Structures are given as structure tokens and as C-alpha cells.
Amino acid sequence: MITVTNVSLNFSGQTLFKDVDLKFTSGNCYGIIGANGAGKSTFLRILSGELEPTTGSVSIKPGIRMSVLKQDHFEFDEYTVLDTVIMGNRRLYDVMKEKEAIYMKEDFSDEDGMRAADLEAEFAEMNGWEADSDVSKLIQGLGLSNDILYSQMSSLTAKEKVKVLLAQALFGNPGIILLDEPTNHLDVKAIAWLEDFLMEYEGTVIVVSHDRHFLNTVCTSIVDVDYGKIKMYVGNYEFWYESSQMIQKMVRDQNKKNEEKIDRKS
């Protein structure tokens, strides 16, 4: 799904990470971990195409739609909750709105009819007729009431907005989902629902999170951003943690042996 080739990033002469070569495949959930300031969210922005790397490239399989959890909670204030979630599939939203505009015309021409027919076919192909019910399932799964679907985003609380934007990122069965701290401000029930959703999801999920239990539950691989390097390990968070502790112990033991050899020689 996503291939990262020889990626590096420099900020003001400092190297954040370099020589990154990774492959993210469908059916897997990748947890990006690392210390604060290591570059986890920055790496996610490179994967999304929002940020250009200093060297290297990120390629995505043609025809695959990527969805990203938006961080600006005011971006959709002028829209309803329903429209905001459907915008998770921007093409579907645009088709829906163009279709509506044509049908509202008083002087409906033959050309309008042909265009409407094309839009209807594309709309149906993207499961547009199920869009409203799909939005409803996501909203309710995250613990919100169906009553808010036609409310303006500007009228929602901060916690409600977080859930709507998460629903937007999950909407419409994208091939790739990028999530930056998705469990922030979520209650226990909503987190459990999200875990179930991601475990059943067949595409590629890449998630930055500090929630160890969440990572342990949903991840099939861990991507560690550390000391200017980004490495991938197969297994969930617990498996990575135990492996890294074992490696650190081996390094400490080896260093101790080396010091003892030096002491004996001196």
C-alpha cells in the first residue's frame, strides 16, 4: 500500500531521521512510537503527503484512497455533522452536492439530465445511497446521538468534535487510514469501539499513540522513531517492549564484558 524509500528529513540543519526504508501493507495496523519530539507526527505528515521529505519518496498504490484524522477542530464549523463525516470521502461529497445542485435547477436541460445520470452512476458505485446510514453507525459507535447529524459543527463541544472528525477519517472504507492520537478525549466505550473497528478493518492503518493498551490491542507491527532512525518490528506493543528490553540487556551485558576485559588487560 505505502512504500517509503530512502526518506530523510532535516530541520534547520538538524537531521530528524534519515535512510528510512519501510513498507506498509494492507490488513495490518502499524503503531508509531517514540519519545516526544522524536518526529512521530512529522513522519505521519510525510506519509500523508502534507510534508515533503528532504530526500527520498513515499509512493502509494494507484487508486488507493487515503484518509487522515484532521487536527483542526474548527475547520468544518460551517458544515453539518453529516456533511463533515461524508467529506471523509471528498469525491463522494462533491458528487452528492453537484447532483443536488442540478436537481434544484428550474431550467433543467438535456445536458443537465446526462450529467445527472453520470453522477448517479458514480454515486451508486461509491455506495452513496448507504452514506447516511454509514455515518449514523459511526456516530453512534463513538457514543454520539443521531440527533446531532444535522447540527452545525460549530455548535458541538470539543469532545463531540473529536468524535465527528474521527468518524470522518473512518468513513467510506478508505484503503489507508492515518490517525494521530485518536484516543485523546475519547471515553472508555468509544476507545473499545474504535479498537473493534480497526481490528476488523481490512486496509492499512498507521497510528501515532501514547496509549499502550490501545497499541497492544490493535497493532500488528510497531514502528519505532528513535535516535534519528525509524525501524519496524513485527508484533504488538508488548512484544516490541519485551524484545527491546532484552536487546538493551544484551548490550549492557556485552559492554560489561568489554569493560572487564579492558580492566584485566590494564
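Whatever comes next refers back to the structure up there.
The rules behind these values
- Residues numbered from 1 in each chain as written.
- Predicted model: local features only at pLDDT ≥ 70, side-chain atom pairs only at ≥ 80, totals over all residues.
- Heavy atoms only, no water.
- Disulfide = S-S within 2.5 Å.
- Buried < 20%, exposed > 50% of the residue type's maximum accessible area, 1.4 Å probe, protein only.
- Phe/Tyr/Trp six-rings, centres within 6.5 Å; stacked < 30°, edge-to-face > 60°.
- Core = buried A, V, L, I, M, F, W, Y, C linked by side-chain atoms within 4.5 Å.
- Helix = DSSP H or I, 4+ residues; strand = E, 2+ residues; numbered from the N terminus.
- Contact = heavy atoms within 4.5 Å.
- Axes fitted to C-alpha atoms, helices over the stretch in contact; angles between N-to-C directions.
- Parallel < 35°, antiparallel > 145°, perpendicular 65-115°, else oblique.
- Left-handed = near helix turned anticlockwise from the far one by under 90°.
- Nonpolar A, V, L, I, M, F, W, Y, C, P; charged D, E, K, R; others polar.

K.L.:
Got a sec to walk through the state of the cysteines? Specific residues and values, please.
P.N.:
Applying the stated rule across the entire model yields zero disulfides. Of all cysteine sulfurs in the structure, the one in Cys219 sits closest to Cys29, which takes part in no disulfide; the separation is 4.1 Å. According to the relative accessible area criterion, Cys29 is buried, its value standing at 3%. Looking at Cys219, the relative accessible area reads 6%, which means it is buried.

K.L.:
Describe in detail the packing of aromatic side chains, supporting the description with residues and values.
P.N.:
Counting across every chain of the model gives seven aromatic pairs. Aromatic side chains Phe24 and Tyr30 sit 4.8 Å apart centroid to centroid with 85° between the ring planes, which places their arrangement in the edge-to-face category. Both residues of the pair, Phe24 and Tyr30, count as buried. The interplanar angle of 55° and the centroid separation of 6.4 Å between the aromatic rings of Phe76 and Tyr79 together place this pair among those described as tilted. When its relative accessible area of 7% is taken as the criterion, Phe76 is described as buried. An aromatic cluster is defined as three or more aromatic residues linked by ring pairs; in this entry it consists of Trp193, Phe197 and Tyr201.

K.L.:
Describe the nonpolar core, naming the residues involved and giving the relevant values.
P.N.:
Residues Val81, Val85, Ile86, Ile139, Val164 and Leu179 are the most contacted members of the largest nonpolar core, which totals 50 residues. At seven residues, the largest contribution of residues to this core is made by helix 6 (residues 158–170). Beyond its immediate sequence surroundings of up to four residues, Val81 is in contact with Ile139, Ile148, Leu149, Ser151, Met153, Leu156 and Val164. Of all hydrophobic cores here, the second largest spans 23 residues; its members include Val4, Leu22, Phe24 and Leu44.

K.L.:
Just give me the short version of unusual backbone geometry, but keep the residues and values in it.
P.N.:
For Asn6, which is not a glycine, the phi torsion comes out positive at approximately 50°. Within the secondary structure, Asn6 is located in strand 1 (residues 2–11).

K.L.:
Would you mind going over the packing of helix 3 (residues 90–103) against helix 4 (residues 110–125) in detail, with residue names and values included?
P.N.:
Running from N to C, helix 3 and helix 4 cross one another at 150°; their axes reach a closest spacing of 10 Å. Considering their axes alone, helix 3 and helix 4 lie roughly antiparallel with respect to each other. Both helix 3 and helix 4 take part in a crossing whose hand is left-handed. Here helix 3 contributes Arg91, Leu92, Val95, Met96, Glu98, Lys99, Ile102 and Tyr103 to the contact with helix 4, which in turn contributes Asp112, Arg115, Ala116, Leu119, Glu120, Glu122 and Phe123. Along the lines of polarity and charge, the residues of the contact of helix 3 with helix 4 split into eight nonpolar, no polar and seven charged.

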